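So you can see what is in the structure, the chains are spelled out below.
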Amino acid sequence: MSELEEVDHSAMLNGMRKGFDEAMKFQYTRATLQEVRAEFVIGPQHVQQYGLVHGGVLCGLIEVLCSAGAAMNAMARGQKGSVGLENTTSFLRALREGTLTGTATPVVRGRQTQVWKADVKDELGRLVATGRVRLMNLEASADITPQ
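Residues numbered from 1 in each chain as written. Predicted model: local features only at pLDDT ≥ 70, side-chain atom pairs only at ≥ 80, totals over all residues. Heavy atoms only, no water.

## Re the overall build of the protein
Link 1 in the chain: Within the protein, the regular secondary structure consists of three helices and six strands.
Link 2 in the chain: If you list the helices and strands of the protein from N to C, you get α-α-β-β-α-β-β-β-β.
Link 3 in the chain: Here the C-alpha radius of gyration of the protein, 15 Å, is about what a compact globule of 147 residues would show, namely 15 Å.
Link 4 in the chain: Taken over the C-alpha atoms alone, the protein extends approximately 45 × 40 × 25 Å along its principal axes.
Link 5 in the chain: Looking at the 147 residues of the protein, the share that counts as buried comes to 39%.
Link 6 in the chain: When contacts within the protein are restricted to residue pairs at least 6 apart in sequence, long-range pairs at least 24 apart make up 62% of them.
Link 7 in the chain: Computing the positive centroid from 16 side-chain charges and the negative centroid from 16, the protein places the two 3 Å apart. (Helix = DSSP H or I, 4+ residues; strand = E, 2+ residues; numbered from the N terminus. Rg over C-alpha atoms; globule rule 2.2 N^0.38 Å. Buried < 20%, exposed > 50% of the residue type's maximum accessible area, 1.4 Å probe, protein only. Contact = heavy atoms within 4.5 Å. Lys, Arg positive; Asp, Glu negative; His and termini not counted. Charge placed at Lys NZ, Arg CZ, Asp CG, Glu CD.)

Now the structure itself:
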């Protein structure tokens, strides 16, 4: 593994947090080209009508982690970043409270597309959700200006 792959960008990502990441209070704890990790304490903004963590929050955390990892890898190659093409998430355990930690790692880091996998665990280390995200890398010349 190269030295570049081990540089931790979690402070930078926490400093750039906005939108969904900020609303969900995701806190990056590690962000390298090999692994992206974040955690959050379950709060009222995370639960659905029955008081359980909403599946969309778990799916969103998996998307956020995989997207951050893919984007950092694309940018390290001189590309603009990456965008999600597909997210498949399986929900395995229902929770109402506690701290959840998500960890994403690459499956394939190709020139045009990447696939990342992620697991979300509770503070006892029990698997709560698992997923995969397929992403497309954006070339430096790509126009991603909102229409």
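## A look at the pairing of strand S4 (residues 99-109)
On a regular strand, one side chain projects to one face of the sheet and the next to the other, so that they alternate.
Link 1 in the chain: When strand S2 (residues 36-41) meets S4, the two strands line up antiparallel, connected through six bridges. Across the sheet, residue Phe 40 finds its bridge partner in S4, namely Leu 100.
Link 2 in the chain: In the sheet, S4 pairs with strand S5 (residues 113-121) via eight bridges, with the strands oriented antiparallel. Within S5, the residue paired with Gly 102 across the bridge is Val 120.
Link 3 in the chain: Counting the residues in the hairpin turn of S4 and S5 gives three residues. (Pairing = 2+ DSSP bridges.)

## Quick look at the pattern of salt bridges
Link 1 in the chain: For the coordinates displayed, the defined rule picks out seven salt bridges.
Link 2 in the chain: Note that Arg 17 and Glu 22 form a salt bridge whose closest N and O atoms lie 2.9 Å from each other.
Link 3 in the chain: Among the ionic pairs, Arg 30 bridges to Glu 35, the shortest N-O distance being 3.0 Å.
Link 4 in the chain: Exposure remark for Arg 30: the relative accessible area of 21% places this residue in the partly exposed category.
Link 5 in the chain: Judged by its relative accessible area of 19%, Glu 35 falls in the buried class. (Salt bridge = Lys/Arg side-chain N within 4 Å of Asp/Glu carboxyl O.)

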